[in-house]
Amino acid sequence: MNPYVLSILISSLGLGTTLTFASSHWFLAWMGLEINTLAIIPLMTQHHHPRAVEASTKYFLTQATAAAMILFAGTTNAWFTGTWSMTNMPNPLASTMVIIALALKIGLAPMHLWMPEVLQGLDLTTGLILSTWQKLAPFSLIMQTAQDTAPTLLVALGLLSTLVGGWGGLNQTQLRKILAYSSIAHMGWMIIILQYAPRLTLLALLTYILMTSAAFLTFKALATTNINTLAMAWSKGPILSATTALVLLSLAGLPPLTGFMPKWLILQELSKQGLPATATVMALAALLSLYFYLRLCYSMALTISPNLNNSTTPWRAHTTQTSLPLALLTTAALTLLPITPALLILTT
């Protein structure tokens, strides 16, 4: 892609998200979301592959539907209250419609069906943008409007997302689909605690972005998109393979890695709020996700691949990719648990 066009598209992504962050008016927020959607579609279709075109079409249709619902909810709220402000949403119809539309935008269950299919059709770099940056603008709107929403709806969305995210990834062999279901499960953890402790939602979002970015960049460095090629990755980079296994376990939420921090704090807060049954279901749903991460680690580190690696001396091949972002993100994805108190202070 032409570097000038690429810079315009990346700038538009930043502009759309910033516009949504800064807005307190529904029309301005909707405009930011639309700029975001229209900026990423050319990035999706840059390889001119039928799968990429199909993925971008599905993405456009779902995002356009969600944007139309948001605009309709904002108009309904303005009809009842006489204002377009986000902070004043006393009408239950408008607030519920907004949450459902934003859940469709970020891929919460049961509005999640587009997410694995779209992510499977994209390359890893665009998939990284879709899984991290594209979540920020809708999530900022969810955080602003969650206080006017029925708690039952948010808890139901969170529980269903963690269960679907864990259950859906069990039989997958494609890494991008596994990461899509992982994203759905993590979004469920964030949404369930939103009304009780918004700072924990921010903390979970931060750690999710760090861990997912590390996973995507690792798979890009290893040039792998399914379990079979992941099983042969040790010959390309033994150290990278070892850190990949640790990043996947961090995504699963095992101590003493970074991913354990948000899960531990969220379960603790749910218990404090008098929701021990919800906390138990969330913990059991996390075991489903742990299974498919362990399956990836098992195929990487504890098995010998039945396939032959035809590349000549792969252990001597020098990569041309920049490794500093990968190193920094991997370090963050593995070692932030001891500074949990400092991170909690930052998110308050």
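Residues numbered from 1 in each chain as written. Predicted model: local features only at pLDDT ≥ 70, side-chain atom pairs only at ≥ 80, totals over all residues. Heavy atoms only, no water.

If you look the chain up in an unreviewed UniProt entry, it shows as NADH-ubiquinone oxidoreductase chain 2 from Rhodeus sinensis. Quoted verbatim from the Catalytic activity (unreviewed entry) field of UniProt, the annotation for the chain is "a ubiquinone + NADH + 5 H(+)(in) = a ubiquinol + NAD(+) + 4 H(+)(out)". The record held by UniProt for the chain lists under Sequence similarities (unreviewed entry) the comment "Belongs to the complex I subunit 2 family." (UniProt positions renumbered as here; feature names shortened; annotations may be inferred.)

Attention shifts here to the side chain of S95. As for its position among the elements, S95 is in helix α4 (residues 92-106). Classification of S95 as buried rests on a relative accessible area of 4%. S95 has contacts with M89, D148 and T149, leaving out every residue within four places of it along the chain. (Helix = DSSP H or I, 4+ residues; strand = E, 2+ residues; numbered from the N terminus. Buried < 20%, exposed > 50% of the residue type's maximum accessible area, 1.4 Å probe, protein only. Contact = heavy atoms within 4.5 Å.)

Moving on: empty space enclosed by the protein. Which parts of space are left empty comes out when a probe the size of a water molecule is rolled across the atoms. Across all of its chains, the model carries three cavities of 30 Å³ or more by this definition. Of the voids in this model, the largest cavity is the one considered here, and its volume is about 90 Å³. Taken together, 13 residues make up the lining of the largest cavity; nearest its centre are Y59, Q63, K105, Q134 and P138. Elements represented by at least two residues in the lining of the largest cavity include exactly α2 (26-44), α3 (50-81), α4 and α7 (133-145). Looking at the lining of the largest cavity element by element, the count peaks at four residues for α7. (1 Å grid on protein atoms, 1.4 Å probe; cavity = no way out; pocket = protein on both sides within 12 Å on 5 of 7 lines; lining within 4 Å. Points joined across faces, edges and corners; volume = space filled by probe spheres on them.)

With that settled, the discussion passes to the UniProt feature "transmembrane region" (unreviewed entry) in the chain. Taking the numbering used here, the UniProt-annotated feature "transmembrane region" (unreviewed entry) corresponds to residues 60-80, 92-115, 150-171, 178-197, 203-222, 234-254, 274-294 and 326-346. Between the C-alpha atoms that bound residues 60-80 there is a distance of 30 Å. The span itself is 100% helix and 0% strand. Here residues 150-171 runs as 82% helix and 0% strand, with 34 Å between its end C-alpha atoms.

This part covers the UniProt feature "domain: NADH:quinone oxidoreductase/Mrp antiporter transmembrane" (unreviewed entry) in the chain. According to UniProt, the feature "domain: NADH:quinone oxidoreductase/Mrp antiporter transmembrane" (unreviewed entry) maps to residues 23-288 in the numbering used here. Counting secondary structure, residues 23-288 comes out at 76% helix and 0% strand; the distance between its end C-alpha atoms is 38 Å.

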